[in-house]
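Coordinates in review
The residues making up each chain are set out below.
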Amino acid sequence: MFKFYIITIYKVYKDFKLKDNPMVNETNISINENRLWDSLMEMAKIGPGIAGGNNRQTVTFEDGKARKLLQKWASEAGMSMKVDELGSMFLKREGTENDALPVVIGSHLDTQPTGGKYDGVLGVLAGLEVVRTLNDLNIETKRPILVVNWTNEEGSRFPPAMMASAGYAGIYDTKTLLAATDHEGNIFGEELDRIGWKGTEPVGKEKFHCYYELHIEQGPILENENIDIGVVTHGQGLKWLEVKLTGVEQHTGTTPMNIRKDTALALSEIVLTVNKVANKNQPNAVGSVGHIEVSPNSRNVIAGQTTFTIDIRSPEINKLNDMEKEIKSSAEKICKKYKVNLQMEQIGGFDPVAFDKLCLENIRDSAKKFGYSYKDIVSGAGHDACWINTVVPSAMIMCPCIDGLSHNEAEEIKPEWAYSSTNVLLHSAIASAS
């Protein structure tokens, strides 16, 4: 039945062009569900993990192989390609007015070391499927459609996360980003060159009309409430604080309790403080301690130095700043109590994001055309769209994610969720490109 539906739509619309027939924009044109899903499964074969997901970290051999497959598919769809100095791929479908700024659809192909098959990848391959569908139905758009694979969104090997989109937005200098190193001392620019994906296009040269990004929710709200589409109105602001505590390394068996300068003890109270402050600032606030390094990390030596990171997030800038102040004030009191030296600095982050109202309306209107249920939500994670929104009108679409599980090899979505969310992406892009 599905194949008959697609064939019928194709016969009716194959001779119509968007510029001549505005009513195409009001029709339930749909993407090819099976083709999209097959593409996702084919891409997942590159860089398989050990438990059903993917390990395709940025600028690895596996990343290069995934890029080659995307390039092949885009070429078969009649798209041209440019690659910028940070390795981001810009894949273009021409418009009837090719000098017009393009409507851009983007996300990323790189994964966490124990990542899933959909985080980022769905957004890139959904963009490809939009182009394939327009080709199938012989629909021309006034504006070009540009599909982007941003380099190093995850930041799992090289900091910062969302590297290439931040470079595009002018947040970081290109030379600084190319000089970034991983834990083994490898240089990002050299690794990018090694896999053959260091382009020549100046970062930021490609200009956009607007930007859409489709992503799995990475949270439980949509599935728990049986909602088809998440309309992402805001992105949470983020602060990454690096804390270094310095005490004295001493023998655990011979040093009296009352004279110890134990950084692990101070750490434990600061961890509880971060949790307390986040809960105090509900709703829409989160906080946790992530990476921890204790030195000398020996079972019979008091920890003389402890370094750790604090991650706090909120879509409200005042709340985010207040959380930081309270955590810092409490940490100072804790460290004074335990005679431990405290150093705290912000090593990353961005202000809360409010996405473009017109793009958001296009997403809602597109969901209504199909009768999909939708809900305005806030993204708790950072995405390339957060940086792009600082220079170009942008918006995000989210689909449900089973059990809200992500950054995990067990990450999973249903084919029908990929289908419905990509249909919304398709019609949103058509609306902006007409």
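For the structure, see preceding data.
Notes on the structure in this doc start here. Just so it is clear, the model here is predicted, and its values are computed rather than measured.

1. Re the overall build of the protein
- Secondary structure assignment for the protein yields 13 helices and 13 strands.
- With the principal axes as the frame, the protein shows a C-alpha extent of 85 × 45 × 40 Å.
- By residue count, 55% of the 434 residues in the protein fall in the buried class.
- Sequence separation of at least 24 residues holds for 79% of the intrachain contacts in the protein that already meet a minimum separation of 6.

2. Overview of the pattern of salt bridges
- Counted by the stated rule, this structure contains 18 salt bridges.
- The partner of Lys-45 in a salt bridge is Glu-42, with the nearest N and O atoms 3.2 Å apart.
- A salt bridge links Lys-319 to Glu-316, with the shortest nitrogen-to-oxygen separation between them at 3.6 Å.
- With a relative accessible area of 38%, Glu-316 lands in the partly exposed category.

3. Some thoughts on the state of the cysteines
- Under the defined criterion, the tally for this structure stands at zero disulfides.
- With no disulfide of its own, Cys-210 lies 4.4 Å from the sulfur of Cys-359, the closest cysteine sulfur.
- Residue class for Cys-210 comes out buried when judged on its relative accessible area of 3%.
- Cys-401 forms no disulfide, and the closest cysteine sulfur to it belongs to Cys-399, at a distance of 7.5 Å.
- A relative accessible area of 0% means that Cys-401 is categorised as buried.

4. Looking at the packing of aromatic side chains
- Under the criterion given, the structure shown has nine aromatic pairs.
- A ring pair is formed by Tyr-168 and Phe-208, whose centres lie 4.7 Å apart and whose planes are at 10°; its orientation type is stacked. Here the residue Tyr-168 occupies a position in helix H5 (residues 163-168), and Phe-208 occupies one in the loop between helix H7 (188-194) and strand S5 (210-216), the gap between them amounting to 40 residues. In terms of burial, Tyr-168 and Phe-208 fall into one category: buried.
- Both rings, one in Phe-370 and one in Tyr-372, keep their centres 5.1 Å apart while their planes meet at 5°; by these two values the pair is stacked.
- Clustering of aromatic rings is evident, with ring pairs tying together Phe-90, Trp-150, Tyr-168, Phe-208 and Tyr-211.
- Geometry around Trp-73 places Arg-132 over its ring, the cationic atom sitting 5.4 Å from the centre.

5. Things to note about the packing of helix H4 (residues 121-136) against helix H13 (residues 415-433)
- Where H4 contacts H13, the axes come no closer than 9 Å and their chain directions differ by 60°. Classified by the interaxial angle, the pair formed by H4 and H13 is oblique. Between H4 and H13 lies a crossing of right-handed hand. Across from Leu-122, Ala-126, Gly-127, Glu-129, Val-130, Thr-133 and Leu-134 in H4, the residues of H13 making contact are Ala-418, Thr-422, Leu-425, Leu-426 and Ile-430.
- The residue makeup of the contact of H4 with H13, split by class, is eight nonpolar, three polar and one charged.

6. Describing unusual backbone geometry
- A cis amide bond links Gln-282 to the next residue, Pro-283, at an omega of 0°.
- Assignment of secondary structure puts Pro-283 in the loop between helix H9 (263-280) and strand S8 (286-295).
- Note the cis peptide between Ser-295 and Pro-296, where omega equals 10°.
- One can find Pro-296 in the loop between S8 and strand S9 (305-314).
- The backbone phi angle of Val-59 is positive, close to 45°, even though this residue is not glycine.
- Turning to its location among the elements, Val-59 is positioned in the loop between helix H2 (33-44) and helix H3 (61-76).
- The exposure class assigned to Val-59 is buried, which follows from its relative accessible area of 0%.

7. A word on the sheet that holds S9
- Within the open sheet, the four strands sit side by side as S8-S9-S7-S10. Their pairing is antiparallel. In the strand order of this sheet, the two ends are held by S8 and strand S10 (341-350), each with one partner. Here the average twist between neighbouring strands, direction ignored, is 15°.
- Strand direction decides the pairing type here: strand S7 (residues 237-246) and S9, joined by ten bridges, are antiparallel.

8. A few points about the environment of Met-89
- Residue placement: Met-89 occurs in strand S2 (residues 89-93).
- Judged by its relative accessible area of 0%, Met-89 falls in the buried class.
- Along the primary structure Met-89 and Glu-201 are separated by 112 residues, whereas in three dimensions their C-alpha atoms are 10.0 Å apart.
- Apart from residues lying up to four places away in sequence, Met-89 is in contact with Arg-67, Leu-70, Gln-71, Met-81, Lys-82, Val-147, Val-148, Asn-149 and Trp-197.

9. Some remarks on the nonpolar core
- Met-43 and Phe-208 are the most contacted members of the largest nonpolar core, which totals 93 residues.
- Sequence-distant contacts of Phe-208, that is, excluding residues within four places in its chain, are made with Phe-90, Leu-101, Pro-102, Val-104, Leu-146, Trp-150, Tyr-168, Ile-388 and Val-392.
- Within the second largest apolar cluster, 24 residues are counted, among which are Leu-241, Ile-270, Ala-278 and Leu-342.

What counts, and where the lines are drawn
- Residues numbered from 1 in each chain as written.
- Predicted model: local features only at pLDDT ≥ 70, side-chain atom pairs only at ≥ 80, totals over all residues.
- Heavy atoms only, no water.
- Helix = DSSP H or I, 4+ residues; strand = E, 2+ residues; numbered from the N terminus.
- Buried < 20%, exposed > 50% of the residue type's maximum accessible area, 1.4 Å probe, protein only.
- Contact = heavy atoms within 4.5 Å.
- Salt bridge = Lys/Arg side-chain N within 4 Å of Asp/Glu carboxyl O.
- Disulfide = S-S within 2.5 Å.
- Phe/Tyr/Trp six-rings, centres within 6.5 Å; stacked < 30°, edge-to-face > 60°.
- Lys NZ or Arg CZ within 6 Å of the ring centre and 35° of its normal.
- Axes fitted to C-alpha atoms, helices over the stretch in contact; angles between N-to-C directions.
- Parallel < 35°, antiparallel > 145°, perpendicular 65-115°, else oblique.
- Left-handed = near helix turned anticlockwise from the far one by under 90°.
- Nonpolar A, V, L, I, M, F, W, Y, C, P; charged D, E, K, R; others polar.
- Pairing = 2+ DSSP bridges.
- Core = buried A, V, L, I, M, F, W, Y, C linked by side-chain atoms within 4.5 Å.

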